[in-house]
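# Close look at the chain arrangement
If you want the building blocks of each chain, they are given just below.
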Amino acid sequence: MSHERFTTSREVYHRIRWDSRIDAREFVVGYDAHRGAMEEMPFEAFVPDGEIPWHRVWYFKRGTQVVWDRKARIDLLGNARPAVEAGQPPPVAVPGFTPWPAWKFDAHSGAWAQASLEPGSSLPATAALTVVTFNVLFDLYDAELLATERRTPAALALLRGTNADVIALQEVTPSFLRALLAEPWVREHCWLSDGPGAQTVTPYGQVLLSRVPLASVWQRVFSRDKRVITAELRVAGGTLWVATPHLTSDRDASGASARAIQVEALLEWARVLGSSNETEAPDLVVAGDFNFGDGAPEAESFARAGFVDVWSSLRPSEAGETFNPRLNTLAALNTVSGRLQRLDRVLVASPSGRLAPESVELLAEAPLEGPPAPTGQPLFVSDHFGLRCVLRRESAESPVGLAARTVTELVHHTALVLIPPEDVWGPIQALRKEHDAKFQRWMPHLTLLYPFVPEEDFETAEAILADALQGVVPFEVTLSSFEHFEHRANATAWLRPDEQPPGALAALHAKLVAALPECASSAHGGFTPHLSVGQLPRSSDIPRTLADWQRGWRPLKFRVGELCLIRRKGDTPFEVIRRIPLAQPVRAAPEQEDTPLREVLASIGAAEACEGHAARTAAVEQLRAHCERIGATLLPYGSYLLGTDGAGSDVDAVAIGPASLSRDDFARALLQELAPGTARYVADAAIPLVKLSLGDVSFDLAYASRPEGVPLEEPRTLLERHGSELDPPGLRAVLGWADTSSLMDAVARDRGRAERFRTLLRAVKAWARARGIYSHALGYLGGLSWTLLAAWVCTRATPDALRSDASLLAHFFGTFASWPWPQPVTLTPETARYRPEGKRDLLPVIAPALPARNTARNVSRSTSRVLREELLRARELVAHARASGTASAWSALFQPLAASELPPVALRLSAEAASAEEREIVAGWILGHVTALVYRLEGDRRLSVRPLQPSQAGGALLIGLAVRDARDAAALTWQPSSPLFAAVEAFRASFQEWTHRPAGAVLQVEWVRGNDSARSDTPAP
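Source: prediction; values computed, not measured.

## What to know about the overall build of the protein chain
- Check the secondary structure of the protein chain and you find 27 helices and 38 strands.
- Contacts in the protein chain between residues far apart in sequence, at least 24 positions, make up 68% of those at least 6 positions apart.

Structural data, given as structure tokens:
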């Protein structure tokens, strides 16, 4: 029997997705919907790493032909052969850059020698490229304080452990290079940009190491100490260039001007490489110490040139400071400003689109074990933290070979653990607080799998583990006695868990390893169930210490009913992201499960109300008649058109008229049609609106005029043929209708799904309103975004998730509480190619009509965190409500923010004007511009901002302020010199510059803390 490896479903997907010879529209995906029930979906509707995990994909078909089948082990696509690789192109010369030899260790001679790459060499076609950049810290100054003799071997061990393909080092000295060249792993695997002569590192400089052969090396020298090293890596599928800079810092008086010259040289290097290739521009990676922080003009220059900052792309809500004087004592020793900055970066430019960031993490964040530094403080490897990033490579000739990774990259910021219930934590935490250095990082736990898969794979991991645990019933554990593990420098004390029945933990672990064999790693010679309580010095009498603890210990017994997937971000503690029950509860019948949920929805006015919809329909027809008399056609959209409107819902609509009827003329004519005082024209909004009321029904009515000579036609046709000729407000208004229409097309194919969708959306909107996160203007998600999320879940839900309203609501929160943002949520195949760009795409939710647009572009660093926290909270509450089956448990989901949840400090924004109408106009301006204030406030990275909904229409708007660390409390101070005060003053200035500001209107901004308050024109008491 052949033991050849069978292609995975992930690999087949990427082969179809990226192979230019294959038309993806011809394929369908067959998947296990629930317990063996097979369903199909169009290939382009399938979302990789989304709702359907890879292990539930069973086949791919082209038309009626099965081209890949997991069970039958059919793979008809596996014989598609790549094109014959052409001869290697000659090296590209860039003005200002001079060629330099590459170095490789010659095992025969036992010495380092200049290496050359022969034409036609067979080069590796790796599926991913791991890149590391690290400033290793020279010891040219203050050498007596740096303990380089300890740091150098620690740095070499750290670099070896990264298993990187390319390593970019800065501040390398000749002595460090000698140590590097002596390392066995470097000699066996690596090409280097410098050799024993150390000609590019005197007195210090940069060095590139690569497991991929270096086809050529170049350098650009700016001064004795500053240069750029670049290298050409010819890999299967094309050429990859890597550069490592160490730009001049602001400690130099001319730092900014020198850095500008260096950046321009790098950008010119990129431009020449991009224009010199006869086929296509090569992929570029620039990794090093850039010596500028976020928001610097240099960062903008790289972005304009097409470079993607890997950290900002993958972890936009995290600061990622690589120079952190608060945590790193060597950084504190070397800093002048004391600022925390992200100086080290990995930038990627991939004109081919085949090189994409996959993961990124900091290196060397922890101090070294052993004695302190000569200063008496903990000793770190360097004053910088390093970066390790994985870049996914997708070859044009063999897309699957590069796009699909067959082995998951495990990480140390996630784990699968068993957590005792909190009511037994007391005695455990008392010991840990005194003896466990990781007390703040971990909750009490028994480790089951660690390191673990990245968070973006949690959905798949949970599905696999839930299947594996089907036969595992809850069991009892007693923490009865203490034991310890011995290490080189200390010992770990731990509590032994005695399970009933005996062997239950070992059997559980065996099932987990069988389900996820790539996570089968453990210390101490095998799996030893234990709960760590602290570290003890080897010099102490450990048995006596444990015996003393034992005499005062009372055994703790608890029931194991679930496992937890946990993760940590940056320096924050681990938190529970998903819970996997050992035994699935007996499910109630759908109607029985939905009854308490529907009771709660009815009590809060979120249930379907036929009378209210009928009143809105009558008002729509009345407004339609008014518009027709003026010569325009009315198109309602939004919740009214979807049938999800509820009590008090406004009706969004657009009127489309001829080119001869301008927007202002339409508004004047409509105001004359309507009763006095029932309507007003808001001309200075992003989309000018007529706000009007007919009876008890309110409308937001936009207007678009057809281009000259275009007759009355169906709106879709108008967009397709003449969308580019519409003015921006008109285009946005018509797209509002087109988005709703596309949503209806997506959810209305199945009547049962459509009804579930409407109930789901009402529940989600009611929850979002209650929690104060239903507002695009405040930086959260607006109605269209929440609607798109609900539609995405409904159109991709399995029959099991659709069995009841409660199960679908649980599925909604389970999906988006762990969504791997900034991966976009896209509903249609046409918008599936949307790629996030920059800080306005933190939580991209893409409108279904073309052109693809992010409906959540107001989400900021702070509001994205609020949204994720609220989704996690909701997921836990829904799980509890389903388990209890009571209306009171469901009511907890829709409870508004309690006083204890409000931030300790807030800004209160209110308007004063001569009339109620003018106050409403000013309140509208504040609401429309509050995100600008939020962005300014977030310029101080210490602040977390939470805009809060006004208690009543036109009322004061609160912006809650908090800090995540007590050390940052100064960020909340209200003094003329504080960043907080400056941000408010800039906001006040923009209000004063408002050209349509009503005469005498005043913007009032107050700083509020408990019973204390101060206006923005006076400092706090």
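## As for the nonpolar core
- Within the largest apolar cluster, 147 residues are counted, with the highest numbers of intra-cluster contacts made by F452, W767 and W786.
- Residues contacting W767, with those up to four places away along its chain left out, are I773, W786, F813, E870, L871, R873, A874, L893 and F894.
- One finds W191, L208, I229 and L240 within the second-largest nonpolar core, a separate group that totals 36 residues.

## Quick word on the packing of aromatic side chains
- Applying the stated criterion across every chain, the model contains 30 aromatic pairs.
- With 6.1 Å between their ring centres and 55 degrees between their planes, F452 and F458 make a pair best called tilted. A single burial state applies to F452 and to F458, both of which are buried.
- The ring centre of W58 lies 5.4 Å from the NZ or CZ of R70, which sits over that ring.

## Examining the side chain of H722
- As for its position among the elements, H722 is in helix α19 (residues 715-722).
- In this structure H722 comes out as buried when scored by relative accessible area, which is 17%.
- Those residues in contact with H722 that sit more than four places away from it in its chain are P707, V710, E713 and T717.

## Points about the side chain of R227
- Position of R227 relative to the elements: it lies in strand β14 (residues 227-235).
- Residue R227 is classed as buried on the basis of its relative accessible area of 6%.
- In this structure the side chain of R227 is engaged in a polar contact, spanning 3.5 Å, whose partner is the backbone oxygen of T200.

## A short note on helix α26 (residues 916-938)
- Compared with the 33 Å implied by 1.5 Å per residue over 23 residues, the 32 Å span of α26 between its first and last C-alpha is a close match.
- Of all the bends in α26, the largest measures some 45 degrees and sits at H929.
- Within the span of α26, buried status applies to V922, A923, W925, I926, V930, T931, L933, V934, L937 and E938.
- Where α26 is buried, its residues contact α24 (861-884), β34 (905-912), β35 (943-948), β36 (957-963), α27 (979-992) and β37 (1002-1009).

## Quick look at the sheet that holds strand β21 (residues 414-418)
- Reading across from one edge, β22-β21-β27-β28 is the order of the four strands in this open sheet, with antiparallel pairing throughout. In this open sheet, the two edge strands, each paired with only one partner strand, are β22 (446-449) and β28 (575-581). Each neighbouring strand pair of the sheet contributes to a mean axis angle of 35 degrees, computed without reference to strand direction.
- Across four bridges, the pairing between β21 and strand β27 (residues 562-567) is antiparallel. Across the sheet, residue A415 finds its bridge partner in β27, namely I566.
- Contacts from helix α12 (residues 458-468) reach β21, β27 and β28 within the one sheet, and its direction differs from that of β28 by about 30 degrees.
- In this fold helix α13 (residues 504-515) packs onto β21, β22 and β27, with an angle of close to 30 degrees to the strand it touches most, β22.

## A short note on the sheet that holds strand β12 (residues 205-210)
- Taking strand neighbours across the sheet as the criterion, the eight strands line up as β8-β7-β11-β12-β10-β9-β20-β19 in an open arrangement whose pairing is mixed. The sheet is open, and its two borders are formed by β8 (111-115) and β19 (355-363), each paired with just one other strand.
- Each of β9 (128-135), β10 (166-172), β19 and β20 (386-393) is contacted by helix α3 (residues 148-162), which is oriented at about 165 degrees to β9, the strand it contacts most.
- Contacts between helix α4 (residues 174-182) and the sheet are confined to β8, β10, β11 (191-192) and β12, with β10 contributing the most and set at about 150 degrees to the helix.

## Observations regarding the environment of E917
- Tracing the backbone shows E917 in helix α26.
- By relative accessible area, which is 46% here, E917 ends up partly exposed.
- Placed 237 residues apart in sequence, E917 and R680 show a C-alpha to C-alpha distance of 9.3 Å.

## Details of the confidence of the model for the protein chain
- For the protein chain, per-residue confidence averages 84 on the pLDDT scale, and 89% of positions sit at 70 or higher.
- Throughout residues 118-125 the model reports pLDDT below 50, and contacts reaching past four residues in sequence, or to other chains, amount to 14 contacts.
- Note that pLDDT drops below 50 for residues 1017-1021; the model gives that stretch 12 contacts with residues more than four away or on any other chain.

## Considerations on the packing of helix α22 (residues 783-796) against helix α23 (residues 805-817)
- Running from N to C, α22 and α23 point in directions that differ by 110 degrees, and their axes come no closer than 10 Å. Taken together, the axes of α22 and α23 are roughly perpendicular relative to one another. Contact with α22, carried on its side by W786, L789, A790, W792, V793 and C794, involves L808, H811, F812, T815 and F816 of α23 and no other residues of that element.
- Residue composition of the contact of α22 with α23, grouped by class: nine nonpolar, two polar and no charged.

## Observations regarding α12
- With eight of 11 residues buried, α12 is to be regarded as a mostly interior element.
- Of all the positions in α12, only F458, E459, T460, A461, E462, A463, L465 and A466 are classed as buried.

## Considering the pattern of salt bridges
- Applying the stated criterion to the full structure yields 43 salt bridges.
- With its nearest N and O atoms 3.1 Å apart, the salt bridge here joins D436 to R432.
- With a shortest N-O distance of 2.6 Å, R771 and E901 are connected by a salt bridge. Here R771, found in the loop between α21 (751-770) and α22, pairs with E901, found in the loop between α25 (887-893) and β34; they are 130 residues apart in sequence, far enough to count as distant.
- With relative accessibility at 1%, the residue R771 sits in the buried group.
- Members of the salt-bridge network, linked through shared partners, are E562, R579, R875 and E876.

## Some words on unusual backbone geometry
- Between Q500 and the following residue, P501, the backbone shows a cis peptide bond with an omega angle of 10 degrees.
- Inspection of the secondary structure puts P501 in the loop between β24 (490-500) and α13.
- Residues L850 and P851 are joined by a peptide bond in cis, for which omega reads 0 degrees.
- One can find P851 in the loop between α23 and α24.

## Section: the pairing of β12
- Buried residues dominate β12, accounting for six of its six residues.
- In the sheet, β10 pairs with β12 via five bridges, with the strands oriented antiparallel. The residue of β12 that forms the bridge with A168 is L208.
- As defined by bridge partners, β11 adjoins β12 across two bridges and the pair is classed as antiparallel. Counted as the bridge partner of W191 is S210 from β12.

## Points about the packing of α23 against α24
- The N-to-C vectors of α23 and α24 enclose an angle of 150 degrees; their axes lie 9 Å apart at closest approach. Taken together, the axis directions place α23 and α24 in an arrangement best described as roughly antiparallel. For α23 against α24, the interelement crossing comes out left-handed. In this structure, α23 contributes A806, S807, L809, A810, F812, F813, G814, F816 and A817 to the contact, and α24 contributes L871, L872, A874, R875, V878 and R882.
- Taken together, the residues of the contact of α23 with α24 break down into 11 nonpolar, two polar and two charged.

Definitions and cut-offs
Residues numbered from 1 in each chain as written. Predicted model: local features only at pLDDT ≥ 70, side-chain atom pairs only at ≥ 80, totals over all residues. Heavy atoms only, no water. Helix = DSSP H or I, 4+ residues; strand = E, 2+ residues; numbered from the N terminus. Contact = heavy atoms within 4.5 Å. Core = buried A, V, L, I, M, F, W, Y, C linked by side-chain atoms within 4.5 Å. Buried < 20%, exposed > 50% of the residue type's maximum accessible area, 1.4 Å probe, protein only. Phe/Tyr/Trp six-rings, centres within 6.5 Å; stacked < 30°, edge-to-face > 60°. Lys NZ or Arg CZ within 6 Å of the ring centre and 35° of its normal. Polar contact = N/O pair within 3.5 Å; in protein donor to acceptor, adjacent residues only side chain to side chain. Expected span 1.5 Å × (residues − 1). Bend = angle between axes of the 7 residues up to and from the residue. Pairing = 2+ DSSP bridges. Axes fitted to C-alpha atoms, helices over the stretch in contact; angles between N-to-C directions. pLDDT = per-residue confidence, 0-100. Parallel < 35°, antiparallel > 145°, perpendicular 65-115°, else oblique. Nonpolar A, V, L, I, M, F, W, Y, C, P; charged D, E, K, R; others polar. Salt bridge = Lys/Arg side-chain N within 4 Å of Asp/Glu carboxyl O. Left-handed = near helix turned anticlockwise from the far one by under 90°.

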